[in-house]
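This is what each chain is made of:
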Amino acid sequence: MVDKRNGNSPLSEQPLLEVRDLRTYFFTRRGTVKAIDGVSFRVNCGEIRGVVGESGCGKSMTAMSILQLVDKPGKIVSGEILFKGEDLVKKSRREMSRLRGKQISVIFQEPRSSLNPVFKVGNQLREVLHIHEELKREQEQKKAVSQLREVGIPDPERRMDNYPHEMSGGMAQRVMIAMGMACAPDLLIADEPTTALDVTIQAQVLDLIRSLRDDHNMTVLLITHDMGVVAEMTDNVTVMYAGTTVEEASTEVLFAEPLHPYTQGLIASIPVMGEVKERLDVIPGTVPNLIDMPPGCRFAPRCRARIEFGLEKCMVEEPPMFEVKPNHFARCWLYEGGGDEA
Amino acid sequence: MAGYLARRLTLAVPVLLGILFVTFALARLLPGDPCRSALGERATEQICEAFNERYGLNESIPEQFRIYLRDVLSGDLGESIKFGRPVTELMVERLPVTVELTFFAMLFAVLIGIPMGLVSAYYHNSSVDVLTMITANIGVSMPVFWLGLMLSYLFGVAFRDTVLWLPPSGRLSAGISIEPFYAAWGMSVNPDALTLPGFIANINTLNALLVQDWNGLGDALRHMILPAMALGTIPMSIIARMTRSSLLEVLGLNYVRTARAKGVRETKVVLKHAFRNALLPVVTIIGLSLGSLLSGAVLTETVFGLSGVGRILYDSITGRDYTVVQGFTLIIAVIFVFINLVVDTLYAYLDPRIRLE
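All of these numbers come straight from a predicted model, not from anything done at the bench. The residue numbers shown here count from 1 along each chain, following its written sequence. Chains carry letters from A onward and ligands carry numbers from 1 onward, assigned in written order. The model is predicted, so local features are restricted to residues of pLDDT at least 70 and side-chain atom pairs to those at 80 or more, both for listing and for counting; the totals for chains, interfaces and linings are taken over all residues. The basis for the side-chain values is all heavy atoms of the structure; hydrogens and waters are excluded.

1. Some thoughts on the overall build of chain A
Alright, step 1. By the criteria applied, helices consist of DSSP H or I runs no shorter than four residues and strands consist of E runs no shorter than two, each listed in order from the N terminus. When helices and strands are counted, chain A shows eleven helices and 13 strands.
Alright, step 2. Relative to a compact globule of 342 residues, whose C-alpha radius of gyration would be 20 Å, chain A shows 21 Å and is just as compact.
Alright, step 3. Along the longest, intermediate and shortest principal axes, the C-alpha atoms of chain A span 70 × 50 × 50 Å.
Alright, step 4. Any two residues having at least one pair of non-hydrogen atoms within 4.5 Å are treated as being in contact. Excluding contacts between residues fewer than 6 apart, the proportion of contacts in chain A whose partners are at least 24 apart in sequence is 63%.
Alright, step 5. About 15,900 Å² of surface is accessible on chain A, with carbon and sulfur atoms providing 50% of the total.
Alright, step 6. A positive count includes Lys and Arg, and a negative count includes Asp and Glu. His and the chain ends are not counted in either. Where a charge sits is defined by one atom per residue type, namely NZ (Lys), CZ (Arg), CG (Asp) or CD (Glu). For chain A, the distance from the average site of its 42 positive side-chain charges to the average site of its 49 negative ones is 7 Å. Radius of gyration here is computed from C-alpha atoms only, and the compact-globule reference equals 2.2 Å multiplied by the residue count raised to the power 0.38. To be clear on the numbers: accessible area is Shrake-Rupley with a 1.4 Å probe, and residue cover counts the displayed protein chains and nothing else.

Encoded structure:
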């Protein structure tokens, strides 16, 4: 049996989602904020694809761009988002609202504030079914209850009548997942699904997402800043920095052999159990201001490798993605000769 | 929900007692001798003693309060010095006018203000938004008496003999009278006592509706349009601005994003998911405006020749008719408490989190 999840699918197979050179800018009075400036990645059917990076690097905005839910004054200025081969950027508002919740659904970081406080969770769950599926009332109710049961909510019939404030964060996130799964979507975007939850609940929610993926052969785009979650959950990873993708590889390869100096810094910053350190490793400096980016590589001002190897090009010209090894890409001048330009 | 309501009702009892105490105290704290302010500077000692005896003013203050409580609770608010009629009788006559006016003013304010706010928030930062908010700002800054005069000039004088003509003053046209519903229904009601049927019969539009006098209803409504517009413009503008800002705030919240992500259409996102949450501050404003309209419609009532609460309060204060001032203050305070109760109940209905407290 072919394992679809390892990401090394043959090139002929169409990816479920392909983002090509996406740029989402915010036009503010203080200038143009380039929240996403050249993001490309593919998500294959059945895989869990991680998108990782610091806060403010554009991870969540990538998710909102895919859903076409970028709020004003933000706008997708260029790029393509191909979902099953169709460009979502070109879809009308009505076409998108038919797609959202049905084929692509999303769960957010703050589960309790993501549920409407004035409606019962049961009604909020049924609303998804109501919009996308033509069911009779009783069927709708039945299906909603079974969804709640599937995400591990005890006593689901009674929980249907709860309001969000009567639930814990973990429960609320399960409701969000049930809502996301209600119409059996092809793609589930999980935007920091466990960040607001405490550690034991985190593990439960992650397990739930993984088992749902296994049971329904769903594809998951998991957005997180937590390298631990990435290591545990994902098949392939895209690393983002300051609005661009900087590295892309399968999870194992990425952790074993990170290529981009930023990824190397990220991995080095994970504390290792049992190892005593004076200080945790950190990446010096901060993410550049998204309004005026440095002209060359965005990571150059913080990059140790640049100084070690005496590269001068970094401050002047932005590197492209190099395919350093098969299916392992990095946006760094260090690999200029070592691979083909992607 | 029932428990919440019961709690709120219980809480209203001490408030009402407090109101009784304050209105009583206010009358005692007014400067001057009640006898001489009623009978004039030259009243003799004997006359004043007789006066005090008659009005119970020679009793101790606690005893006076006891008598006052007893009388108020039995529905006796005293007699007006100026009109020589029981205050309750004046209430049956005046209160319905103001209640009717306030109702239509608020109806106008809500029916125009909320959609204005909705449209403004939906088309945030567009020309529609700017135009709506300019209208609201003009509305809120226009003095009521000026707007009233302009409206009655425009519709009452300038549009005379056209279809747009509207009566600039009064409650009914000459020659039109509506039979009190209790008479039509064969009930025997004392029209002067403070009774619910007597009160309702004096709300012309409601009474006309009850006896199905469509001609009378039309006439009463036509008389209401201008004063309701004049009185309702300021609350309308405040409601429009409040709806807009409240809705804009809610539209940026996480659960609205969730609704969009579920595939809910944008109009439904606004009208269903955001609107109900955004309504809370709007309901507060409506409640507050209602209270102030009831007691503060003096200018509108004067401009449009309506004899309601505002008019009689003004006349009684200037004429030192203390029983009337006391009685009407009390009834307005009671209505205020009632409106607050309704607002609190609406809160609990709109937001389940409030029911818990």
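Following the structure, the description resumes.
2. A short note on the interface of chain B and chain A
Alright, step 1. Of the residues lining the interface, 22 residues belong to chain B; the matching set on chain A comes to 27 residues.
Alright, step 2. Defined in terms of a 1.4 Å probe, buried area is the accessible area two parts forfeit on being brought together, summed over both. The contact between chain B and chain A buries some 2,300 Å² in all, and 55% of this surface belongs to carbon and sulfur atoms.
Alright, step 3. By the criterion of area lost to chain A, the three top residues of chain B are Arg257(B), Ala261(B) and Lys262(B), representing 25% of everything that side buries.
Alright, step 4. Only one rule defines a salt bridge in this text: a Lys or Arg side-chain nitrogen within 4 Å of an Asp or Glu carboxyl oxygen. Linking chain B with chain A are three salt bridges.
Alright, step 5. We note a salt bridge from Glu127(A) to Lys272(B), for which the minimum N-O separation is 3.2 Å.
Alright, step 6. Within 3.5 Å is the distance limit for a polar contact, defined as a pair of N or O atoms, with the added protein rule that one can donate a hydrogen and the other accept it, and that residues adjacent in sequence qualify only through two side-chain atoms. Run the count over chain B and chain A and you get twelve residue pairs in polar contact (both at pLDDT 80 or more).

3. Here we look at the confidence of the model for chain A
Residue and element names in this part refer to chain A.
Alright, step 1. Values of pLDDT, the confidence the predictor places in each residue, fall between 0 and 100. Per-residue confidence for chain A gives a mean pLDDT of 87; residues scoring 70 or more make up 95%.
Alright, step 2. Per-residue pLDDT, averaged within each element of chain A, yields its smallest value for strand β13 (residues 340-341) (52) and its largest for strand β3 (residues 48-52) (95).
Alright, step 3. Here residues 1-12 is a poorly scored stretch, pLDDT under 50, and it has 13 contacts once near neighbours within four places are set aside; other chains count.

4. Here we look at the pairing of strand β7 (residues 187-191) of chain A
Residue and element names in this part refer to chain A.
Alright, step 1. When accessible area is computed with a 1.4 Å probe and restricted to protein chains, residues below 20% of their type maximum are described as buried, those above 50% as exposed, and intermediate ones as partly exposed. With respect to burial, β7 is a largely interior element, five of its five residues being buried.
Alright, step 2. A pair of strands is labelled paired if DSSP reports no fewer than 2 bridges between them. Taken together, the four bridges between strand β6 (residues 104-107) and β7 define a ladder with parallel strand orientation. Bridge pairing in β7 links Ile107 to Ala190.
Alright, step 3. Bridge analysis of β7 against strand β8 (residues 219-224) gives five bridges, and the strand direction is parallel. Within β8, the residue paired with Leu188 across the bridge is Val220.
Alright, step 4. In this fold, β7 hands off to helix α7 (residues 199-216), which returns the chain to β8; that crossover is right-handed. A right-handed crossover is one whose linking path, passing over the helix from the first strand to the second, runs clockwise when the strands point away from the viewer.

5. Considering the packing of helix α6 (residues 169-181) of chain A against α7(A)
Residues and elements named next belong to chain A.
Alright, step 1. Following both chains from N to C, one finds α6 and α7 inclined at 15°, their axes separated by 10 Å at the closest point. By the angle between their axes, α6 is roughly parallel relative to α7. Judged by the sense of rotation from one axis to the other, the crossing of α6 with α7 is right-handed. For the pair formed by α6 and α7, the contact residues are Gly170, Gln173, Arg174, Ile177 and Met181 on the first element and Ile201, Gln204, Val205, Leu208, Ile209, Leu212 and His216 on the second.
Alright, step 2. Following the grouping adopted for this structure description, the nonpolar residues are Ala, Val, Leu, Ile, Met, Phe, Trp, Tyr, Cys and Pro, the charged ones are Asp, Glu, Lys and Arg, and the polar ones are all others, Gly among them. In terms of residue class, the contact of α6 with α7 is built from seven nonpolar, four polar and one charged. Whenever a helix is involved, its axis is fitted only over the stretch in contact; in every case the axis is a line through C-alpha atoms, and angles between N-to-C directions fall within 0 to 180 degrees. Orientation is classified from the angle alone, with under 35 degrees giving roughly parallel, over 145 giving roughly antiparallel, 65 to 115 giving roughly perpendicular, and any other angle giving oblique. Each crossing is labelled by how the near helix is turned from the far one, with a counterclockwise turn of less than a right angle marking it left-handed and a clockwise turn marking it right-handed.

6. Here's the deal with the side chain of Gln64(B)
Residues and elements named next belong to chain B.
Alright, step 1. Position of Gln64 relative to the elements: it lies in helix α4 (residues 61-73).
Alright, step 2. When its relative accessible area of 9% is taken as the criterion, Gln64 is described as buried.
Alright, step 3. From its side chain, Gln64 meets the backbone oxygen of Glu59 in a polar contact 3.0 Å long.
Alright, step 4. For Gln64, the residues in contact, after removing those within four places along its chain, are Phe24, Arg28, Gly56, Leu57 and Glu59.

7. Describing the state of the cysteines
Alright, step 1. Disulfides are defined in this document as cysteine sulfur pairs within 2.5 Å. Tallying each qualifying case throughout the model produces zero disulfides over all chains.
Alright, step 2. The closest cysteine sulfur to the non-disulfide-bonded Cys332(A) is located on Cys303(A), 6.0 Å from its own sulfur.

8. Quick word on the packing of aromatic side chains
Alright, step 1. Classification of ring pairs uses Phe, Tyr and Trp, with its six-membered ring standing for Trp, and accepts pairs whose centres are within 6.5 Å; under 30 degrees between planes counts as stacked, over 60 as edge-to-face, and the remaining range as tilted. Within the structure shown, the criterion is met by 14 aromatic pairs over all chains.
Alright, step 2. Their ring planes at 65° and their centres at 6.5 Å tell us that Tyr25(A) and Phe27(A) sit as a pair that is edge-to-face.
Alright, step 3. Assessed through its relative accessible area of 13%, Tyr25(A) is described here as buried.
Alright, step 4. Ring geometry for Tyr241(A) and Phe299(A): centres 5.1 Å apart, planes at 85°, overall edge-to-face. Taken together, the positions of Tyr241(A) in strand β9 (residues 236-241) and Phe299(A) in the loop between α10 (261-268) and α11 (304-309) put the pair 58 residues apart, joining distant regions of the chain. Here Tyr241(A) matches Phe299(A) in class, with each residue buried.
Alright, step 5. Linked through ring pairs, Phe21(B), Phe24(B), Phe65(B) and Tyr68(B) together constitute an aromatic cluster.

9. Concerning helix α5 (residues 87-122) of chain B
Alright, step 1. Helix span, expected: 1.5 Å multiplied by one less than the number of residues in the helix. Between its first and last C-alpha atoms α5(B) spans 50 Å; for 36 residues at 1.5 Å apiece the expected length is 52 Å, and the two agree.
Alright, step 2. The angle between axes fitted to the seven-residue stretch ending at a residue and the seven-residue stretch beginning at it gives the bend at that residue. Taking the largest bend as the criterion, α5(B) deviates by roughly 30°, centred on Arg94(B), and proline Pro96(B) comes between one and four positions later.

10. Observations regarding a nonpolar patch on the surface
All names here are of chain B.
Alright, step 1. Candidate patch residues must exceed 30% relative accessible area and have no salt bridge, after which like charges are joined if within 9 Å and Val, Leu, Ile, Met, Phe, Trp or Tyr side chains if within 5 Å. There is a patch of nonpolar side chains on the surface, built from Trp185, Met187, Leu206, Leu209, Leu210 and Trp214 and spanning about 600 Å² of accessible area.
Alright, step 2. Looking at the nonpolar patch element by element, the count peaks at three residues for helix α10 (residues 204-211).
Alright, step 3. As for its placement among the helices and strands, Trp214 is situated in helix α11 (residues 214-251).
Alright, step 4. With a relative accessible area of 53%, Trp214 lands in the exposed category.

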